[in-house]
Structure formats: C-alpha cells, structure tokens
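Each chain, letter by letter, is given below.
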Amino acid sequence: MTGAAKRLGREIALALAGAGWQVAVHYRSSEDDARQTEAECAALSGDSARFSANFGYEADVRALLPRVVARFGAVDAVVNSASLFEHDTAETFSYATLGQHITSNTGAPIL
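A few points on the structure. (Residues numbered from 1 in each chain as written. Predicted model: local features only at pLDDT ≥ 70, side-chain atom pairs only at ≥ 80, totals over all residues. Heavy atoms only, no water.)

### Comments concerning the overall build of the protein chain
In plain terms, the rule: Per the convention used, a helix needs a DSSP run of H or I reaching at least four residues, while a strand needs a run of E reaching at least two, with both numbered from the N terminus. Per-residue and other accessible areas follow the Shrake-Rupley method at a 1.4 Å probe size, with only the shown protein chains counted as cover for residues.
What the protein chain contains, in helices and strands, is four helices and two strands. When the helices and strands of the protein chain are read in sequence order from the N terminus, they spell out α-β-α-β-α-α. As displayed, the protein chain has an accessible area near 6800 Å², and 54% of this comes from carbon and sulfur atoms.

Spelled out as structure tokens, the structure:
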C-alpha cells in the first residue's frame with residue numbers, strides 16, 4: 001500500500017491488516033511512522049513489511065513492486081494513497097504547485 005505511514009494511508013493499512021491482509025507499508029521519508037505502522041499491521045495480520053521509495057524518481061517507482069513481490073511472493077491488491085502533503089492557503093496556492101504533485105499522485109500508480 002503506497003503512502004501507508006501516515007494519515008489516511010495509515011488508517012487504510014491498519015483496516016486491511018485488521019481484516020487479515022499482509023500489508024506492504026510504503027513510505028518516502030517517514031521511516032519512524034512507517035516502522036510503527038508496520039509493527040501494528042503485523043500485530044493484526046501476522047506479517048507486514050515496510051518499503052521506502054521516492055515516487056519522484058522513476059527508478060524507485062519501478063523497483064518497488066519487485067521488492068514487495070520478493071518479500072511476500074505475490075501482490076493481491078494495490079492501494080495508492082501516496083501523495084505530497086504540503087499545507088497551503090488560498091493566499092499561497094498557485095497553479096504551478098499542482099505540477100509537482102502530478103508525478104507522485106498520478107505518475108507513480110501508472111508506472
């Protein structure tokens with residue numbers, strides 16, 4: 001599950017683990033949060049693992065799924081919750097800001 005270390009992604013990961021799914025917890029830079037989510041998912045489902053990948057880099061995106069498959073043997077579902085989360089306001093928002101989010105929010109799942 002991408003973006004599973006924090007916020008909504010974490011809650012989805014925990015719900016899946018609670019339903020018995022083994023969860024691959026993806027994170028970009030939130031390693032401590034990912035470690036905690038991984039441990040809680042493992043306690044609920046019996047197994048979990050965390051994987052770091054920066055979706056701003058195509059090589060990271062392409063390498064993630066093979067790493068998960070190597071660890072778990074197969075992938076039954078992908079839940080994409082990865083996104084760049086940057087607080088802004090009506091005053092600080094600009095159309096240009098959307099461009100930097102396209103790679104993480106749209107490009108990575110397509111690859």
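### Remarks on the pattern of salt bridges
Put simply, the test is: When a carboxyl oxygen of Asp or Glu is within 4 Å of a side-chain nitrogen of Lys or Arg, the pair counts as a salt bridge. The classification of residues rests on relative accessible area computed with a 1.4 Å probe and restricted to protein chains. Under 20% of the type maximum is buried, over 50% is exposed, and intermediate values are partly exposed.
Overall, the coordinates contain six salt bridges when judged by the stated rule. For R35, the salt bridge goes to D32, with nearest N and O atoms at 3.1 Å. With a gap of three residues between them, R35 and D32 both fall in helix α2 (residues 31–45), about one helical turn apart. With a relative accessible area of 35%, R35 lands in the partly exposed category. Among the residues examined, D32 registers a relative accessible area of 59% and is labelled exposed. As a salt-bridge pair, E38 and R50 come within 2.3 Å of each other at their nearest N and O atoms. With E38 in helix α2 and R50 in strand β2 (residues 48–52), this pair connects stretches of sequence that are twelve residues apart. Among the residues examined, E38 registers a relative accessible area of 16% and is labelled buried.

What is shown is where atoms sit, not what they do.
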